[in-house]
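Chain and residue survey
Here are the chains, one letter per residue:
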Amino acid sequence: MIVPSQLSAIAELSAAFSDAHVEITSRSNLQMRAILNKNLNYLRRGLDSAGFLPSSSHDRVRNVVTNPFAGLGFDEILDSRPFVRELDSRITKDPEMAGLPPKFSFAIDSGGSWFSHENDDLALRVITVDNSHLFRLSIGGIFSGFGVTIEKAVDCLLEAAQVCLYISKKFDVPARARKIASMPQAMNHLLSELSHFLVDCPSSNDCKSVAEVPLGVYLTKQAGFVNLVPSVPLGRLTSAQAQCIASIATEWDGDLRLAPWRGIIIGSIPECAIRRVAARLQATGLSLDNRSGYGGVFVCAGTGCDASLADVRNDASLLAHLLSGQAGKPGWTVNISGCEKQCAMRNGATAELVATFSGYDLRIGGRFIASNCSRESAMDAVLASRSEMGSEVSSR
Ligand code: SF4
């Protein structure tokens, strides 16, 4: 969640101290690059006054994700925002939480479509049982077998995180729930410590994340209002584009959300303003059309990172150019990485290209296809994987 004044502030800061771009990450965070050391303190002060750094001791561990459409409709069961706000506030006030590893993440899922591709350490997904709501608890991406009542949800997450820290010391393992979930003794200990929160819960496999990348115009819960989801080419906004979105949200009292498909939602815009908003976005190079070619194309920082072995952003743009004019395909995604670390990797990508010293290593559908292939042959294989997925669909 981000308010227009914050987006505007970060756009200004990126123009002044960075490369005039703001990247949206796959955890829905914002990232700026190319900052000179001498400017770091100015930048930090600017971020602080815009409200991005509420707790210097806890800012690295306030990793709470939820559905970007929470409160905006899109088949949710329960608005998760109050839980997120309470959890964030209580993490920040608890000195012990500052000891969590920086990648430790909490997820609170509103039900319906789930867009994150991360295996969060502690996740609650709301379900409906006998006409009432219950959170299903997953630990390290694995269903625990138990549920947690709505009233106890935040207490349970905080206590679970504390127990993870305790287990980390006792068993000498990283305080990551995925690691704990793989050790029966540690997992039993965690569940036994949480037993006073746990209730019976039906198992179900309906919490798979949605591979589709939303794009275009979507209905909200409120009649006469829509959510607008522009294509953000390669997850990167120019500062002018970020300012444009902030100004649209201010003018129409919109509700901004950063999204794990490395995009942004301009929520709660009056239906009557769609054309005008679309024209303003278009003027800055952002489109609501799912034929932009960028849908489903993910890439890492490329030459913005010292480790990159190829200009992967350029190659991703080339791929998008080859795809432009074709409607998006649900479920089809490609990851292009500058090295084997694969920072921008989304789990379950249809195609993966990893730059090497002499080309690309290529995987399609999780299967290794070729190593060191030329850019052209890698692109051909990626395009073929896309056309093999069936007929194109238009946006909703
Ligand atoms: S995948 Fe490699 S090149 Fe790309 S950002 Fe990560 S470390 Fe850098």
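Residues numbered from 1 in each chain as written. Predicted model: local features only at pLDDT ≥ 70, side-chain atom pairs only at ≥ 80, totals over all residues. Heavy atoms only, no water.

1. Points about the site of the ligand
The environment of the ligand is formed by Cys300, Ala301, Cys305, Ala307, Ser308, Gly338, Cys339, Lys341, Gln342 and Cys343. Class assignment of the residues belonging to the shell around the ligand gives a composition of 6 nonpolar, 3 polar and 1 charged. (Near = heavy atom within 4 Å. Nonpolar A, V, L, I, M, F, W, Y, C, P; charged D, E, K, R; others polar.)

2. What about the pairing of strand β12 (residues 255-259)?
The buried fraction of β12 is high, at 4 of 5 residues. Pairing geometry for β12 and strand β13 (residues 263-270), over 5 bridges, is antiparallel. When the sheet's bridge partners are listed, Ala259 is paired in β13 with Gly263. Where β12 folds back onto β13 in an antiparallel hairpin, the turn is made up of 3 residues, including Arg262, whose phi is positive at roughly 65 degrees. (Buried < 20%, exposed > 50% of the residue type's maximum accessible area, 1.4 Å probe, protein only. Helix = DSSP H or I, 4+ residues; strand = E, 2+ residues; numbered from the N terminus. Pairing = 2+ DSSP bridges.)

3. Considering the pattern of salt bridges
Counting across every chain of the model gives 17 salt bridges. Note that Asp255 is salt-bridged to Arg257, the shortest N-O span being 3.1 Å. Assessed through its relative accessible area of 25%, Asp255 is described here as partly exposed. The exposure class assigned to Arg257 is buried, which follows from its relative accessible area of 3%. A salt bridge links Arg291 to Asp289, with the shortest nitrogen-to-oxygen separation between them at 3.0 Å. Classification of Asp289 by relative accessible area gives partly exposed; the value is 27%. Because the salt bridges share partners, they merge into one network encompassing Asp19, Glu23, Arg33 and Arg236. (Salt bridge = Lys/Arg side-chain N within 4 Å of Asp/Glu carboxyl O.)

4. Focus: the pairing of strand β17 (residues 359-364)
The pairing of strand β16 (residues 351-356) with β17 spans 6 bridges and is classified as antiparallel. Each residue of the ladder has a partner; that of Ala351, found in β17, is Ile364. Where β16 hands over to β17, the hairpin turn is made up of 2 residues, counted between the paired strands. Across 4 bridges, the pairing between β17 and strand β18 (residues 367-373) is antiparallel. Bridge assignment links Ile364 to a residue of β18, and that residue is Arg367. Connecting the antiparallel pair β17 and β18 is a turn made up of 2 residues, with Gly365 showing a positive phi of about 55 degrees.

5. Focus on the sheet that holds β18
Taken together, the 5 strands give an open sheet; going across it, the order is β14-β15-β16-β17-β18, and neighbouring strands pair in mixed fashion. Of all strands in the sheet, those bounded by a partner on one side alone are β14 (297-299) and β18. In this sheet, adjacent strand axes meet at a mean angle of 15 degrees when their direction is disregarded. Those strands touched by helix α9 (residues 312-323) are β14, β15 (334-337), β16 and β17, and its axis lies near 175 degrees from that of β14. (Axes fitted to C-alpha atoms, helices over the stretch in contact; angles between N-to-C directions. Contact = heavy atoms within 4.5 Å.)

6. Considerations on the confidence of the model for the chain
For the chain, per-residue confidence averages 90 on the pLDDT scale, and residues scoring 70 or more make up 95% of the total. Within the model, pLDDT remains below 50 along residues 391-396, and this stretch shows 17 contacts once partners closer than five positions in the same chain are excluded. (pLDDT = per-residue confidence, 0-100.)

7. Section: unusual backbone geometry
A positive phi angle, close to 60 degrees, is found at Ser28, a residue other than glycine. For Ser28, the position within the fold is in the loop between β1 (21-24) and β2 (30-31). You will see that Asp172, though not glycine, has its phi angle at about 55 degrees, which is positive. With respect to the helices and strands, the residue Asp172 is situated in the loop between α4 (153-171) and α5 (177-181).

8. Thoughts on the nonpolar core
Judged by nonpolar contacts, the single largest core of 45 residues is most densely connected at Leu87, Phe106, Leu122, Phe135 and Ile139. Contributing elements (two or more residues each) for this core: α3 (81-93), β4 (106-109), β5 (122-129), β6 (132-139), α4, α5 and α6 (184-193). Broken down by element, the residue count for this core peaks at 12 residues, all from α4. Aside from chain neighbours lying at most four places away, what touches Ile139 is Asp121, Leu122, Ser144, Ala177, Ala181, Met187, Leu190 and Leu191. (Core = buried A, V, L, I, M, F, W, Y, C linked by side-chain atoms within 4.5 Å.)

9. Quick notes on the packing of aromatic side chains
How two aromatic rings sit relative to each other is set out by the distance from centre to centre and by the angle between their planes. The final tally for this structure, using the stated rule, is 5 aromatic pairs. Ring centres 5.9 Å apart and planes at 10 degrees place the aromatic pair Phe17 and Tyr42 in the stacked group. Of the two residues, Phe17 sits in helix α1 (residues 4-17) while Tyr42 sits in helix α2 (residues 40-49), which places them 25 residues apart along the sequence. Look at Tyr42 and you get partly exposed, because its relative accessible area is 47%. Members of the aromatic cluster, joined through ring pairs, are Phe69, Tyr218 and Trp261. A cation sits over an aromatic face here: Arg136 above Phe143, 5.5 Å from the ring centre. The cationic tip of Arg386 hangs over the ring face of Trp332; the distance from NZ or CZ to the ring centre is 5.3 Å. (Phe/Tyr/Trp six-rings, centres within 6.5 Å; stacked < 30°, edge-to-face > 60°. Lys NZ or Arg CZ within 6 Å of the ring centre and 35° of its normal.)

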